[in-house]
Amino acid sequence: VSRQNQPEASILLRDDAVNPSKFEGVERRSIWRVGLESSWTTVLPVAFIIVSLLSLVVLPIVLSSQTRQMRGEITGIAEPARRSASTIQNDLSGELDQIIAYQAIGQAQYRDAYSRLVAEQQAEARSLRGLTQQLGGDVPGTFTKMLAETTRWHEGVRNAQLLQDSMPKEVFLTRLYECHPAYEASLHATSDLEMAVQWSIEDRLERI
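Now for a description of the structure that goes with this document.

What counts and how
Residues numbered from 1 in each chain as written. Predicted model: local features only at pLDDT ≥ 70, side-chain atom pairs only at ≥ 80, totals over all residues. Heavy atoms only, no water. Core = buried A, V, L, I, M, F, W, Y, C linked by side-chain atoms within 4.5 Å. Buried < 20%, exposed > 50% of the residue type's maximum accessible area, 1.4 Å probe, protein only. Helix = DSSP H or I, 4+ residues; strand = E, 2+ residues; numbered from the N terminus. Contact = heavy atoms within 4.5 Å. Patch = residues over 30% accessible without salt bridge, like charges linked within 9 Å, V, L, I, M, F, W, Y side chains within 5 Å. Areas by Shrake-Rupley, 256 points an atom, 1.4 Å probe, with all protein chains shown as cover. Salt bridge = Lys/Arg side-chain N within 4 Å of Asp/Glu carboxyl O.

Core analysis: the largest hydrophobic core is formed by 35 residues, its most contacted members being Ile99, Trp153, Leu162 and Leu193. Elements that contribute at least two residues to this core include exactly helix H3 (40-105), helix H4 (108-135), helix H5 (139-159) and helix H6 (169-207). Look past the residues within four positions of Leu193 in its chain and what remains in contact with it is Ala85, Leu128, Thr132, Val139, Thr142, Phe143 and Met146.

See the structure below:
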């Protein structure tokens, strides 16, 4: 500023210093100065910012809790249910061999092995009942069907007396042929149950 303009500059500086009304507009534009007299155009942006900040805190907590729940259901419910269904299917696959071996050789060890397989399946089914109810979806209905089919097969073996005494080959084959559809249905039912549990696991993984 040239020397001849110094008095004018001083006047302007003093005028700004004693005239705070020029800064009132700046204060009123602050988003945090919201009162009862504020209009919706001021309140709405502030409310949006507050909600956004709260969501940044709340949403990760909620999502983390849901993720822990899904992983807990997979490891604590679905995986044990899948293993039990697989065990039942494997035991069923071995039953027919024990029946044929008993009728061919006549040794009681094969009959005892069959009984152990059935007892193991019954124990797994008792554990599965509660697990399938917790998994929900199609799993409980599939479990009920599996239980009905395996029971029908075991009752057929008992009614046909396939493990009571050795019988003529023709009689044994005829009775085994009559029971075989129930055997196949029980195998299909256990396979369906294992697949239903696996789908339940995949569904939870998708949610995660």
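A surface patch of nonpolar side chains, about 570 Å² in accessible area, is lined by Ile50, Leu53, Leu54, Leu56, Val57 and Val58. Its place among the elements puts Leu56 in helix H3. Assessed through its relative accessible area of 62%, Leu56 is described here as exposed.

What follows concerns the pattern of salt bridges. Side chains that differ in sign of charge can pair as their charged atoms come close. Under the counting rule described, the total for this entry stands at two salt bridges. A salt bridge links Glu79 to Arg82; its shortest N-O distance comes to 3.0 Å. Of the two residues, Glu79 and Arg82 both sit in helix H3, three residues apart, roughly one turn of that helix. As a salt-bridge pair, Arg152 and Glu149 come within 3.0 Å of each other at their nearest N and O atoms. Of this pair, Arg152 and Glu149 both sit in helix H5, three residues apart, which is roughly one turn of that helix.

None of this, on its own, says anything about what the molecule does.
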